[in-house]
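Tertiary structure, described
Spelled out, the chains give:
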Amino acid sequence: MVGIGTYTHPDLVPLPAAATGAAQLAALLRDPTVWGLPADHVTVLGTGASAEQILSAVRDAAKQVTDTLLVYFAGHGLRDRDERLYLALAHADADHPQVGTLLYRTLRDVLRQSGHRARYRLTVLDCCYSGLAGAMSATTIPTRADLAHALEEPTAELGEDTDDHGDVVLTSAPPTRRSFVPPGAALPEFTGELISVLQHGITGAGTALSVEDAWRRIRRRLRDRGSPEPQQFAQNTVARQVRFHNRAGIDTPPTVTRRPWRKACASWHLLLMVKDGTVYVGEGDVGNAGFVALDAASGSRLWTTSIGRGGAIEAGEGMAYVSSSVSVCALDAATGAERWTHRMPYCSRPELACKNGAIYINRDGVVEALDTATGRERWTRATGIQPFGPMAVGDGALYAPVDGGVLVMDTETGTRLRTLNLPPSVTRPHMALWGRTIYLGHHQRVYALEASTGIERWTYHTDNGAYGMLPTVSSEAIYLNLRNGGDRNRIAALVALDAATGRERWAHQLDNRIFHGIAVADGIVYGSASTGYVYAWDAATGTQRWASYLVDWNLSPPVVADGLVYIRSEKHVHALDAATGERPEYGRS
């Protein structure tokens, strides 16, 4: 979901409604009464997104899809003399459409090539001249040959109407017409109608809405008011096969009330993970450690498991994976029932990562991959390097932070692809992977490296922050937690950097408080402090939104999901309202 809200060219007016529309559509797609996608299956890119970042995000998502892939863009659209469509990004040049833009055909090619396994590919474009994506007239009903030409498919390869695979493209306007944001409106006209259909449904259309149902309703509404007429270009019967829940045709399920809560759960370490409606936390002391699964909405205990010392946890695909110093165990995420156990030599604390049907283990000098369903070994590779910090998986590669840099391995074979080396003075960097860039924080520097080559894109240096900087990345910015380690000659601060250039956007002094970590969600930055406070700041400006005192002092980094902020302390698990910071009354536990 891409929404470009601001532009630098004087002839391209700001479109905050585009960014708002992308965010609202993303929320609807996650809603179980509309489509019910897991949160991590929806990626939202904003104004700062470059063409490379957009294409990388589409490629990475497309490679994993076997059913339906959806790509949405809202912003300005430009065309050249050859009637080619360009999607205008923040630094687009209105007079030279090839500059600062993304050529639609390039997006389409990446979508098709990377998403060749997807059964359905849906593209939605809300921009001027978007009908150029299909290059058909709005005044005629397209023939099968027209569709073949628009989708660049040979006519002979188009099957009968019973075929149910291929592409569908929805556009907000014909090839020669502009799209509009009505004066004072919060959403673009086309996107607003699409959101209205998804939010309210269509009476009499049954329990499910197809893309074609939605298009016909939107087309009629806009045509009746004299607005540009949306276009639909569909291969085979895809427009009738891609379906959403119809809110007007089903009984609305009970709304899950997500109120702040606090649950007693003592632990010697502050591990906290939230995935698919479940909160996973450690419980017990050093000699009697275990893990607990709590309902994310209420805090109710779902199940408990006992494991040995030194555990980590990962979750995905309906499973939870817990480790001890001698094993990794797969549990049913709903019940906690054991599925399989993998034994291994004693290690201090293994790191886990789960992606695409594999669970990766980084332990003392060894990295191995197991099949998530069976626990069978896929590959094992000796590295001879001690692990440090969580791993990341992207674009067919496993990134493992180690002393002095990052080890990069092929996810399918375990072959070492390369090692991204840092200066000898850099040991144990904190790593974050976003798209095709790796961000590494170490003491007073942050390095941005090209993930495929290790080439340095930029370096940020500060005289503050005596201890490791922990980079947290969103689509447009990197947020740094500068900790002064108690040295009052240094300033503790929260800093926002431009993800593309490393330039400082804003900095917020933290009065020498020690922050244990930060999280970013829905335009808000959250941080937990050693003083027992949790804070929220506006991600764009650094303005403080709220502060909430939790009484407990030693706090984990925050995790944000479904409108709640989750925090772990040595005695409790807390869930706060993400918008207001509201916490429960501590008479209840």
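Just so we're clear, the structure is a prediction, and the values are computed from it rather than from any experiment. (Residues numbered from 1 in each chain as written. Predicted model: local features only at pLDDT ≥ 70, side-chain atom pairs only at ≥ 80, totals over all residues. Heavy atoms only, no water.)

1. What to know about the environment of Ile 518
Looking at the element boundaries, Ile 518 is found in strand 36 (residues 515-521). Classification of Ile 518 by relative accessible area gives buried; the value is 9%. Residues Ile 518 and Val 534 lie 16 residues apart in sequence; the distance between their C-alpha atoms is 9.8 Å. Those residues in contact with Ile 518, other than ones at most four positions away along the chain, are Thr 472, Tyr 479, Leu 480, Asn 481, Leu 494, Val 525, Tyr 526, Gly 527 and Pro 558. (Helix = DSSP H or I, 4+ residues; strand = E, 2+ residues; numbered from the N terminus. Buried < 20%, exposed > 50% of the residue type's maximum accessible area, 1.4 Å probe, protein only. Contact = heavy atoms within 4.5 Å.)

2. Points about the packing of helix 1 (residues 16-30) against helix 5 (residues 189-200)
Remark: helix 1 packs on helix 5, axes separated minimally by 10 Å, with the N-to-C direction vectors making an angle of 20°. Taken together, the axes of helix 1 and helix 5 are roughly parallel relative to one another. Where helix 1 crosses over helix 5, the two elements pack in a sense that is left-handed. For the pair formed by helix 1 and helix 5, the contact residues are Gly 21, Gln 24, Leu 25 and Leu 28 on the first element and Thr 191, Leu 194, Ile 195, Leu 198 and Gln 199 on the second. For the contact of helix 1 with helix 5, a count of residues per class yields 5 nonpolar, 4 polar and no charged. (Axes fitted to C-alpha atoms, helices over the stretch in contact; angles between N-to-C directions. Parallel < 35°, antiparallel > 145°, perpendicular 65-115°, else oblique. Left-handed = near helix turned anticlockwise from the far one by under 90°. Nonpolar A, V, L, I, M, F, W, Y, C, P; charged D, E, K, R; others polar.)

3. Comments concerning the sheet that holds strand 34 (residues 493-498)
One key point about sheets: their strands pair by backbone hydrogen bonds, in either a parallel or an antiparallel sense. On the basis of which strands lie adjacent, the open sheet formed by 4 strands has the order 32-33-34-35 and antiparallel pairing. Since the sheet does not close on itself, it has two edges, and those belong to strand 32 (472-473) and strand 35 (504-509), each with one partner. As judged from the 5 bridges shared by strand 34 and strand 35, these two strands associate in the antiparallel manner. Looking across to strand 35, one finds that Ala 496 is bridged to Trp 506. (Pairing = 2+ DSSP bridges.)

4. Here's the deal with the nonpolar core
By size, the foremost hydrophobic cluster in this structure holds 69 residues, and its most contacted members are Met 1, Ile 54, Phe 73, Leu 85, Leu 87 and Leu 107. Ranked by residues supplied to this core, first place goes to helix 1 with 6 residues. Leave out the neighbours within four places in its chain, and Met 1 touches Ala 22, Leu 25, Ala 26, Leu 29, Val 42, Thr 43, Val 44, Leu 45, Leu 70 and Tyr 72. (Core = buried A, V, L, I, M, F, W, Y, C linked by side-chain atoms within 4.5 Å.)

5. A short note on the packing of aromatic side chains
Per the counting criterion, the structure on display carries 11 aromatic pairs. For the pair Trp 35 and Phe 244, a centre-to-centre distance of 4.8 Å together with 50° between the ring planes defines the contact as tilted. With Trp 35 in the loop between helix 1 and helix 2 (51-62) and Phe 244 in strand 10 (residues 243-245), this pair connects stretches of sequence that are 209 residues apart. Consider the rings of Tyr 479 and Trp 506, whose centres lie 6.2 Å apart with planes at 45°: the pair is tilted. Of this pair, Tyr 479 sits in strand 33 (residues 477-482) while Trp 506 sits in strand 35, placing them 27 residues apart in sequence. (Phe/Tyr/Trp six-rings, centres within 6.5 Å; stacked < 30°, edge-to-face > 60°.)

6. Regarding the sheet that holds strand 42 (residues 572-577)
Spatial strand order, 11-42-41-40: 4 strands in an open sheet with antiparallel pairing. The two strands at the open ends of the sheet, each matched to only one other strand, are strand 11 (261-264) and strand 40 (559-561). For this sheet, the mean inter-axis angle between neighbouring strands, taken without regard to orientation, is 20°. Note that strand 11 and strand 42 share 4 bridges and pair antiparallel. Counterpart to Arg 262 in the pairing with strand 42 is His 574.

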